Amino acid sequence: MTPRERQRLAYELAFLPERLNGMCHSWLKAPGEADPDELRALDEAALLHLPLPEGCANARAVYRLALYQAGASPYGMRTFIRNVRMRLGRPALTDSSVPKSLVADVALPHYHIPEV
């Protein structure tokens, strides 16, 4: 998996409940067989729910990420990701904000931000 593909997967796992649910079932069926790149994408998905970084040059990407975070909130994605990571024995996060390297203008197809 290329770094770009892993980043896209991280965004999908972080903000698309059906994508995380599907991957979660395959990981929990055979935890020892989970692809290390997929597990790293899961860790990055958890990082995408941290506070936004300051001083990021790509304002459009930060804005899109903020919309994704807000849109995922009603689905409890942070808790869902945290619970999956715990069940898989993933290490605790040490970052205090989204790493700037993860902030990208990734467009998720059919992403719907709920009406307020």
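Rules of the game
Once a new chain begins, its residue numbering starts again from 1 and follows that chain's sequence as written. Only residues with pLDDT of at least 70 are given local features in this predicted model, and only at 80 or more are side-chain atom pairs given and counted; all residues enter the totals for whole chains, interfaces and linings. Note: side-chain values were computed over all heavy atoms of the structure, leaving out hydrogens and water. Helical segments are the DSSP runs of H or I of at least four residues, strand segments are the runs of E of at least two, and each set is numbered from the N terminus. Helix span is expected to be 1.5 Å times the residue number reduced by one. Classification of residues uses two cut-offs on accessible area relative to the type maximum, computed with a 1.4 Å probe and protein chains only: under 20% is buried, over 50% is exposed, and between them is partly exposed. Arc definition: directions from the helix axis to the C-beta atoms. It only takes one pair of heavy atoms within 4.5 Å for two residues to be counted as in contact. Orientation is described by lines fitted to C-alpha atoms, with helices fitted over the stretch in contact, and by angles between N-to-C directions that extend from 0 to 180 degrees. Geometric relationships in this document are graded by angle, where less than 35 degrees denotes roughly parallel, more than 145 denotes roughly antiparallel, 65 to 115 denotes roughly perpendicular, and other angles denote oblique. Each crossing gets its handedness from the near helix: less than a right angle anticlockwise from the far helix is left-handed, clockwise is right-handed.

Caption draft 1: Just helix 2 (residues 17-29), in detail. An ideal rise of 1.5 Å per residue puts 18 Å on 13 residues; helix 2 measures up with 18 Å between its terminal C-alpha atoms. For helix 2, the full list of buried residues reads Leu 20, Met 23, Cys 24 and Trp 27. Buried positions in helix 2, seen along its axis, are confined to an arc of 110° and lie on one side of it. Facing away from the buried side of helix 2 by more than 90 degrees, the exposed set consists of Glu 18 and Lys 29. Considering only its buried residues, helix 2 is in contact with helix 1 (3-15), helix 3 (36-47) and helix 5 (77-87).

Caption draft 2: Structural detail: the packing of helix 1 against helix 3. The N-to-C vectors of helix 1 and helix 3 enclose an angle of 55°; their axes lie 8 Å apart at closest approach. Accordingly, the angle class assigned to the pair helix 1 and helix 3 is oblique. Helix-helix and strand crossings are classified by hand; for helix 1 and helix 3 the assignment is right-handed. Residue-level contacts link Arg 6, Gln 7, Leu 9, Ala 10, Leu 13 and Ala 14 of helix 1 to Asp 37, Glu 38, Arg 40, Ala 41, Leu 42, Glu 44 and Ala 45 of helix 3.

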